[in-house]
Amino acid sequence: MKISKKDIRYVAHLSRIALSDNEEELFVHQLSDILSYIEKLNQLNTDNVDPLVYTTNTFNVFREDALEKPLAIEDAQYCAPSTMGAFFKVPKVIE
Amino acid sequence: MRLLESTALQIKQKILSKQIRVVELVGQAFARIKAVDPTIQSFISLNEESALKQAREIDEKIDHNEKVGLLAGIPVAVKDNLCTRGLSTTCASQILKNFVPPYDAYVVKRLKEEDAIIIGKTNLDEFAMGSSTENSSFQITRNPWNVACVPGGSSGGSAAAVAANLTPMSLGSDTGGSVRQPAALCGIVGLKPTYGRVSRYGLIAFGSSLDQVGTMTKDVSDASLLLQVIAGKDSKDSTSVQTPVPDYLQGIDNNIQGLRIGIPKEYLTEGMHADVHKALKDALRIYEKLGAKIIDVTLPHTEYAVAVYYIVANAEASSNLSRYDGVRYGIRSTNAKGVIDMYCRTRAEGFGNEVKRRIMLGNYALSSGYYDAYYLKASRVRNLIKKDFDAAFEKVDCIIGPTSPVPAFKIGERANNPLEMYLSDIYTIPANLAGIPGISIPCGFSKDGLPIGLQILTKHFEEKQLLHVAYSFERETDYHLKRAVI
């Protein structure tokens, strides 16, 4: 399947990845090749096949509703690019 | 045989009988790393100071005849996508280059509880996305058998460190073959347990329905020992299971008379290298000599496995990697206007091309209008692949084939064609899609002197049988005793 530059821009936006013009060009070709290969799945009729996500028998997992010691704030903030008090700081969200 | 060429069980015996001190062993390991690793480039970071401190503590315990753990004093290298408290964990990505985890992965905690010594963190393809370790954003790891070749991937650093005798054992992770394929290309033993056998807590997520932590060792007995330590239920990973963990070494040397080995005709494809084909045929003759029955089986959907994998794994990855947004940890782009621009620039600067490609592919497959055609379709075909195995295991006890269609390839040879690189995982991916365990063991060498791996697969949670079948081959051969000269 051929995808267009417009598709690449759309999916890059969904992915929150800024692309240069050169990267757009590269990924249009590479993703088109990969998607063409993936189209071989359409050779199979899967109308009566359930999708599989969990490969081992699953069951509900409960735990005691008890307090556990959370990560200390200073540990959680240790690698943060920017903090203020007990918070993570980000650039302006609403203009 | 020199100390660092020995297996973990041999070294452990020397430690417990006080023939060597742990401090001495760990000192030797770091001396060798400093001499050899500038060439091999298997480690991203070393943990020398705390490793030596821990070594002294274990020596003291042994001096005082105190009880010690199953891995007392054994150096273990850990893939750099497993969180280690206070020790940098990068996933070989620029986006995490300054990340120091505030907690240990479950498997790392288990290593420490059993007195293993974590000597350092090993290189990988960025976020474990690759089959050659060339996608690391820091360095290219080289194959100790031929430094012009790749070690395989994505756990290439962990494989090369064991093959170069820098450490007797290491941990890797396997989403589509990332433990088994580099083990095959580096001439060591690589085990991927059943999905759910080992906790994924603290393993930095790639494809959550496929990821499993695996062992990389010099022989099958060491694989049994290391699996013994890391297997089991962990309340922090709700997909880890209660199924009891057996004693993997007990009965490993029983005979395999009457064992039914399945050979899938789909694994004997034209893409297989002639030397790999020959090694496989020789291996089957050895199994027949040991009393096993070779039975033809069919896994008819094998040819679709790679396509399914690149939808499922990347759909899951696109969601898992959305957490790298420059807010709580990792790098942040400095010249952004507003928060969305900050996300987009941070991720553009922090991720390499392979990671970007896969995130975009995953998001495309999950996006409105394409979800049914790609993600749902792939999940249905995944079920067909699992059913193939279910049907085959009605007739046989295990399935045997090559781990990789080719021995180690040259650095750069496949780097520019993502699709060709993806196809090198054709034999390993099906086990991840079905959730079954698999092991790669050394079974020969190519004409060029490069190692070849034999893959064995069994039913869910039958690691004991898997190790038993692997051990019976190892005992008859000496491929696992060969050491790379470096």
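Residues numbered from 1 in each chain as written. Chains lettered and ligands numbered in written order. Predicted model: local features only at pLDDT ≥ 70, side-chain atom pairs only at ≥ 80, totals over all residues. Heavy atoms only, no water.

Trainee: Looking at this structure, how should I read the overall build of chain A?
Mentor: Scanning chain A from terminus to terminus reveals three helices and two strands. For chain A, the sequential pattern of α-helices and β-strands runs α-α-α-β-β. Its C-alpha radius of gyration of 23 Å places chain A more than 25% over the 12 Å reference for a compact globule of 95 residues. A buried classification covers 31% of the 95 residues belonging to chain A. Taking the intrachain contacts of chain A between residues at least 6 apart in sequence as the baseline, contacts between residues at least 24 apart amount to 31%. For chain A, the exposed area adds up to about 7000 Å²; of that, 53% sits on carbon and sulfur atoms. Measuring between centres, the 10 positive side-chain charges of chain A sit 7 Å from its 15 negative side-chain charges. (Helix = DSSP H or I, 4+ residues; strand = E, 2+ residues; numbered from the N terminus. Rg over C-alpha atoms; globule rule 2.2 N^0.38 Å. Buried < 20%, exposed > 50% of the residue type's maximum accessible area, 1.4 Å probe, protein only. Contact = heavy atoms within 4.5 Å. Areas by Shrake-Rupley, 256 points an atom, 1.4 Å probe, with all protein chains shown as cover. Lys, Arg positive; Asp, Glu negative; His and termini not counted. Charge placed at Lys NZ, Arg CZ, Asp CG, Glu CD.)

Trainee: Mind showing me how you'd approach the nonpolar core here?
Mentor: Taken as a class, soluble globular proteins show a tendency for nonpolar side chains to be buried jointly. All names here are of chain B. Counting 161 residues, the largest nonpolar core has Val107, Phe127, Tyr287, Phe389, Ile400 and Ile456 as its most contacted members. Ranked by residue count, the leading element in this core is helix α9 (residues 305-320), at 11 residues. Setting aside residues up to four positions removed in sequence, Val107 forms contacts with Leu82, Leu171, Val198, Ser199, Val213 and Ile230. Ranked by size, the runner-up nonpolar core spans nine residues in total, among them Ala408, Phe409, Met421 and Leu450. (Core = buried A, V, L, I, M, F, W, Y, C linked by side-chain atoms within 4.5 Å.)

Trainee: Sorry if this is basic, but what is going on with the interface of chain B and chain A here?
Mentor: Interface size, as often reported, equals the accessible area lost upon joining of the parts. Counting residues at the interface gives 66 residues for chain B, matched by 50 residues for chain A. Across the chain B/chain A interface, buried area totals approximately 5300 Å², and carbon plus sulfur atoms make up 70% of it. A salt bridge links Glu303 of chain B to Lys40 of chain A, with the nearest nitrogen and oxygen atoms 3.2 Å apart. At the surface where chain B touches chain A, the tally comes to 16 residue pairs in polar contact (both at pLDDT 80 or more). For the side of chain B that touches chain A, the secondary structure elements donating two or more residues are α9, α10 (338-350), α11 (353-366), α12 (372-395), α13 (418-422) and α14 (429-434) of chain B. Per-element accounting of the side of chain B that touches chain A gives the leading share, 12 residues, to α12 of chain B. Counted by class, the side of chain B that touches chain A contains 36 nonpolar, 16 polar and 14 charged residues. (Buried area = accessible area lost by both parts, 1.4 Å probe. Salt bridge = Lys/Arg side-chain N within 4 Å of Asp/Glu carboxyl O. Polar contact = N/O pair within 3.5 Å; in protein donor to acceptor, adjacent residues only side chain to side chain. Nonpolar A, V, L, I, M, F, W, Y, C, P; charged D, E, K, R; others polar.)

Trainee: Where do I start with the packing of helix α2 (residues 22-40) of chain B against helix α3 (residues 48-63) of chain B in this structure?
Mentor: A pair of packed helices is captured by two measures, namely the crossing angle of their axes and the spacing between those axes. Residue and element names in this part refer to chain B. Where α2 contacts α3, the two axes come as close as 8 Å, and the packing angle between them is 155°. One finds that α2 runs roughly antiparallel with respect to α3. The way α2 lies across α3 gives a crossing that is right-handed. On the side of α2, the interface is formed by Val22, Val23, Val26, Gly27, Phe30 and Lys34, while α3 contributes Glu48, Ala51, Leu52, Ala55, Arg56, Ile58, Asp59 and Ile62. Residue classes in the contact of α2 with α3 are distributed as nine nonpolar, one polar and four charged. (Axes fitted to C-alpha atoms, helices over the stretch in contact; angles between N-to-C directions. Parallel < 35°, antiparallel > 145°, perpendicular 65-115°, else oblique. Left-handed = near helix turned anticlockwise from the far one by under 90°.)

Trainee: Help me understand the environment of Tyr427 of chain B in this model?
Mentor: All names here are of chain B. Checked against the element boundaries, Tyr427 lands in the loop between α13 and α14. Overall, Tyr427 belongs to the buried group, its relative accessible area being 2%. Here the alpha-carbon distance between Tyr427 and Arg180, two residues 247 residues apart in the chain, equals 10.0 Å. Separated by 3.2 Å, the side chain of Tyr427 and the backbone oxygen of Tyr267 make a polar contact.

Trainee: Can you help me understand the side chain of Asp237 of chain B in this one?
Mentor: All names here are of chain B. As for its position among the elements, Asp237 is in the loop between α7 (220-230) and β7 (260-264). The exposure class assigned to Asp237 is buried, which follows from its relative accessible area of 6%. Apart from residues no more than four positions distant in its own chain, Asp237 is found in contact with Val198, Ser199, Arg200 and Tyr201.

Trainee: Would you take a moment to explain unusual backbone geometry for this structure?
Mentor: Negative phi characterises most residues that are not glycine, and trans characterises most peptide bonds. All names here are of chain B. Note the cis peptide between Gly153 and Ser154, where omega equals 10°. One non-glycine residue, Phe461, lies in the positive phi region at around 65°. Along the chain, Phe461 falls in the loop between β11 (451-457) and α15 (463-476). Given a relative accessible area of 24%, Phe461 falls into the partly exposed group.

Trainee: Is there a simple way to think about a nonpolar patch on the surface in this case?
Mentor: All names here are of chain A. A contiguous nonpolar patch, built from Val90, Val93 and Ile94 and spanning about 300 Å² of accessible area, is present on the exposed surface. As for its placement among the helices and strands, Ile94 is situated in the segment after β2 (87-88). We classify Ile94 as exposed; its relative accessible area is 69%. (Patch = residues over 30% accessible without salt bridge, like charges linked within 9 Å, V, L, I, M, F, W, Y side chains within 5 Å.)

Trainee: Quick question: what am I supposed to make of the side chain of Ser472 of chain B here?
Mentor: Residue and element names in this part refer to chain B. Structurally, the position occupied by Ser472 is in helix α15. A distance of 2.7 Å separates a polar atom in the side chain of Ser472 from the backbone oxygen of Val469. Residue contacts for Ser472: discarding those within four places in its chain leaves Ile256, Tyr287 and Leu290.

Trainee: Just checking my understanding: could you explain the packing of aromatic side chains for this structure?
Mentor: What describes a pair of aromatic rings is the distance from one ring centre to the other and the angle between the planes of the rings. All names here are of chain B. If you walk through the whole model with that rule in mind, you get 17 aromatic pairs over all chains. Judged by centre distance (5.2 Å) and plane angle (55°), the rings of Trp145 and Phe445 are tilted. In this pair, Trp145 is assigned in the loop between β3 (117-122) and α5 (156-163) and Phe445 in strand β10 (residues 438-445), connecting sequence segments 300 residues apart. Where Tyr309 meets Tyr310, the ring centres are 4.9 Å apart and the plane angle is 80°; that geometry is what we call edge-to-face. Connected via pairs of aromatic rings, a cluster forms that spans Phe99, Phe127, Tyr324, Tyr329 and Phe351. The ring of Tyr201 has Lys236 sitting right over it, with the charged end atom 5.6 Å from the ring centre. Above the ring of Phe409, the side-chain terminus of Arg414 is found at 4.5 Å from the ring centroid. (Phe/Tyr/Trp six-rings, centres within 6.5 Å; stacked < 30°, edge-to-face > 60°. Lys NZ or Arg CZ within 6 Å of the ring centre and 35° of its normal.)

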